[in-house]
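Secondary and tertiary structure notes
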Amino acid sequence: MKIRSPRTPAEWAAYYRLRYEVLRQPWQQPAGSERVPEDEDPATVHALRLTPDGTAVGVAMLQSAEQARGQVRFMAVAPAWQGHGIGRELLEYLEEAGRRLGYTEIRLHAREAAVPFYTRLGYVLEAPSHTLFGSIPHFLMTKELAE
């Protein structure tokens, strides 16, 4: 199983379904809230990990943030697949894409529970950022991309 961008309508549907199921549905957010206008930007990089039967088990996106910076958003791994290295693979894929795009830094807003995961992968905690849905604290984290 490799990480790659969704290619077919079925893969795109699986991509968005996992984003919704992991990042929105548990907080009773409406279907469609897992999509943002940046999804359609040609510079956005989408990362998808599928099982051989076509089930999405990991998704993430990298969008342009500012001058020479990218931002990781909508990182989600299916609960049954967490702890199997898929999150690391998704980030490595997006970091490599960021290097190809000329980004010198990646930033993200991590849920409090995910801060240790990102720290292990070289991200630095910068500051508290926002609270999503009134109950999920997030923290700004950054990582310099070596060339």
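Refer to the structure printed above.
The structure contained in this document is the topic of the report that follows.

Cut-off values and rules
Residues numbered from 1 in each chain as written. Predicted model: local features only at pLDDT ≥ 70, side-chain atom pairs only at ≥ 80, totals over all residues. Heavy atoms only, no water. Buried < 20%, exposed > 50% of the residue type's maximum accessible area, 1.4 Å probe, protein only. Helix = DSSP H or I, 4+ residues; strand = E, 2+ residues; numbered from the N terminus. Pairing = 2+ DSSP bridges. Core = buried A, V, L, I, M, F, W, Y, C linked by side-chain atoms within 4.5 Å. Contact = heavy atoms within 4.5 Å. Expected span 1.5 Å × (residues − 1). Salt bridge = Lys/Arg side-chain N within 4 Å of Asp/Glu carboxyl O.

**Observations regarding the pairing of strand β2 (residues 45-50)**
For a regular strand, side chains alternate in direction, first toward one face of the sheet and then toward the other. Most of β2 is tucked away: six of the six residues are buried. Residue alternation in β2 divides its side chains into two sets, Val 45, Ala 47 and Arg 49 and His 46, Leu 48 and Leu 50, and both sets are buried. Alignment of strand β1 (residues 3-4) against β2, held across two bridges, turns out to be antiparallel. Looking at β2, one finds that Ile 3 is bridged to Arg 49. Note that β2 and strand β3 (residues 56-66) share six bridges and pair antiparallel. The residue bridging Ala 47 from the neighbouring strand is Ala 60, located in β3. Between β2 and β3, which pair antiparallel in sequence order, lie five residues; one of them, Gly 54, sits at a positive phi of approximately 90°.

**Points about the nonpolar core**
Formed by 24 residues in total, the largest nonpolar core has its most connected members in Leu 62, Val 72, Leu 90 and Tyr 118. When residues of this core are traced back to their parent elements, those giving at least two are β2, β3, β4 (69-77), α2 (86-100), β5 (105-111), α3 (115-120) and β7 (136-144). The element contributing the most residues to this core is α2, with five residues. Discounting residues that sit within four places of it in the chain, Leu 90 has contacts with Ile 3, Ala 47, Leu 48, Gly 58, Val 59, Ala 60, Met 75, Ala 76 and Val 77. Core analysis: the second largest hydrophobic core is formed by 15 residues, Val 22, Leu 48, Val 59 and Phe 74 among them.

**Topic: α2**
Relative to the 21 Å expected for 15 residues at 1.5 Å per residue, α2 spans 21 Å between its end C-alpha atoms, a close match to the ideal helical length. Taken as a whole, α2 has its buried residues at Ile 86, Gly 87, Leu 90, Leu 91, Leu 94, Glu 95, Ala 97 and Gly 98.

**Here we look at the pattern of salt bridges**
Applying the stated criterion across every chain yields a total of eleven salt bridges. A salt bridge links Glu 95 to Lys 143, with the nearest nitrogen and oxygen atoms 3.2 Å apart. In this pair, Glu 95 is assigned in helix α2 and Lys 143 in strand β7, connecting sequence segments 48 residues apart. Looking at Glu 95, the relative accessible area reads 6%, which means it is buried. Glu 96 is paired through a salt bridge with Arg 99; the nearest N and O atoms lie 3.6 Å apart. Taken as a pair, Glu 96 and Arg 99 lie in helix α2 at a separation of three residues, close to a single helical turn. Classification of Glu 96 as partly exposed rests on a relative accessible area of 38%. We classify Arg 99 as partly exposed; its relative accessible area is 31%.

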